[in-house]
Amino acid sequence: MTEFAAVILVDRRGWVMLQERDEHPTIAPEKWSFSGGHLEPGEDPVTGAVRELEEETEVRLAPEALELVAVQELRHPETGTDDTIHLYAAGVDLTDADIVCHEGRQIVFVDPAKAPDLDLSDSARIGLARFLGSAQHVALSGSEPVRVET
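To start, this report covers the structure provided alongside it.

Scoring rules and cut-offs
Residues numbered from 1 in each chain as written. Predicted model: local features only at pLDDT ≥ 70, side-chain atom pairs only at ≥ 80, totals over all residues. Heavy atoms only, no water. Helix = DSSP H or I, 4+ residues; strand = E, 2+ residues; numbered from the N terminus. Buried < 20%, exposed > 50% of the residue type's maximum accessible area, 1.4 Å probe, protein only. Contact = heavy atoms within 4.5 Å. Pairing = 2+ DSSP bridges. Phe/Tyr/Trp six-rings, centres within 6.5 Å; stacked < 30°, edge-to-face > 60°. Lys NZ or Arg CZ within 6 Å of the ring centre and 35° of its normal. Arc of directions from axis to C-beta. 1 Å grid on protein atoms, 1.4 Å probe; cavity = no way out; pocket = protein on both sides within 12 Å on 5 of 7 lines; lining within 4 Å. Points joined across faces, edges and corners; volume = space filled by probe spheres on them. Nonpolar A, V, L, I, M, F, W, Y, C, P; charged D, E, K, R; others polar.

**Overview of the side chain of Glu52**
Alright, step 1. Relative to the assigned elements, Glu52 resides in helix H1 (residues 45-57).
Alright, step 2. Taking relative accessible area as the criterion, Glu52 reaches 9% and is therefore assigned buried.
Alright, step 3. Beyond its immediate stretch of four places on either side in the chain, Glu52 contacts Gly36, Gly37 and His38.

The structure is reproduced here in structure tokens:
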């Protein structure tokens, strides 16, 4: 079993940041997903989430800025492995122009009404179904956004 950490950033409109993956990844190529990835050996999930977010977008958040959304078990059909995904979220005062895409085709904020219509990875489909419209999603979009270092 492999452990992953992923992040949903929520802007003031309540839109969620998603990554359009390209054809290169083994898991969920050419699908929309969260920024995130494998945890390094001995790395705790929130530290991994912060690291992956910064590596993929250049957005740097303090670990305490992230709220746990869910820990979900998922079988990746591409690898045949049962994996654990630690999903976190944070409210931010950012736009697409603030995001630097270091992985995939694009990383952008998506209208939550349109997100379910995208070709989502299994983890994004499950995670968004749980998160969109939840009290946590509403609170993060209307709360004071966290300070972001870029």
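From this point, things continue past the structure.
**A closer look at the pairing of strand E2 (residues 16-20)**
Along a regular strand, successive side chains alternate from one face of the sheet to the other.
Alright, step 1. Of all five residues that make up E2, five are buried, and the element is covered over most of its length.
Alright, step 2. Burial of the side chains of E2 extends over both faces: Val16, Leu18 and Glu20 are buried on one face and Met17 and Gln19 on the other.
Alright, step 3. One ladder, built from five bridges, connects E2 with strand E7 (residues 106-110); its direction is antiparallel. When the sheet's bridge partners are listed, Met17 is paired in E7 with Phe109.
Alright, step 4. In this sheet, strand E3 (residues 32-33) lies alongside E2 in antiparallel orientation, the contact comprising two bridges. Bridge pairing in E3 places Gln19 opposite Ser33.

**Some remarks on the packing of aromatic side chains**
Geometrically, a pair of aromatic rings is defined through the distance of the ring centres and the angle of the planes.
Alright, step 1. In the structure shown here, the tally under the stated rule is zero aromatic pairs.
Alright, step 2. Its guanidinium or amino end placed over the ring of Trp15, Arg13 lies 3.7 Å from that ring's centre, counting from NZ or CZ.

**So, the environment of Ala90**
Alright, step 1. Here Ala90 lies in strand E6 (residues 81-91).
Alright, step 2. Residue classification places Ala90 among the buried residues on the basis of a relative accessible area of 0%.
Alright, step 3. It is 9.5 Å that separates the C-alpha atoms of Ala90 and Gln136, two residues lying 46 residues apart in sequence.

**What to know about helix H3 (residues 135-142)**
Alright, step 1. For H3, every residue scored as buried is listed here: Gln136, His137, Leu140 and Ser141. Taken end-on, H3 shows its buried residues confined to a sector of 125 degrees, consistent with a single buried face. In H3, the exposed positions that point more than 90 degrees away from the buried face belong to Ala135, Val138 and Gly142.
Alright, step 2. Among the structural elements, strand E1 (3-10), E2, strand E5 (67-76), E6 and helix H2 (122-131) are those in contact with the buried residues of H3.

**Examining H2**
Counting along an α-helix, one turn takes 3.6 residues, and residues three or four places apart therefore face a common direction.
Alright, step 1. Listed in full, the buried residues belonging to H2 are Ser123, Ala124, Gly127, Leu128 and Phe131. Buried positions in H2, seen along its axis, are confined to an arc of 115 degrees and lie on one side of it.
Alright, step 2. Two residues or fewer after H2 comes Gly133, characterised by a positive phi angle close to 80 degrees.

**Description of unusual backbone geometry**
Alright, step 1. In this structure, Glu58 is a non-glycine residue whose phi angle is positive, near 70 degrees.
Alright, step 2. Looking at the secondary structure, you find Glu58 in the loop between H1 and E5.

**Some words on the environment of Val110**
Alright, step 1. You can see Val110 is positioned in strand E7.
Alright, step 2. Distance from Val110 to Val10, taken between C-alpha atoms, is 9.4 Å for residues 100 residues apart in sequence.
Alright, step 3. Leave out the neighbours within four places in its chain, and Val110 touches Trp15, Val16, Leu18, Trp32, Ala115 and Leu118.

**Focus: the layout of surface pockets**
Alright, step 1. The volume enclosed by the largest pocket comes to roughly 390 Å³.
Alright, step 2. Around the largest pocket, the lining is made up of 26 residues, and of these Phe4, Arg21, Ile27, Ser33 and His76 lie nearest the centre.
Alright, step 3. Within the residue set of the lining of the largest pocket, elements represented by two or more residues are E1, strand E4 (35-38), H1, E5 and H2.
Alright, step 4. Broken down by class, the residue content of the lining of the largest pocket amounts to ten nonpolar, nine polar and seven charged.

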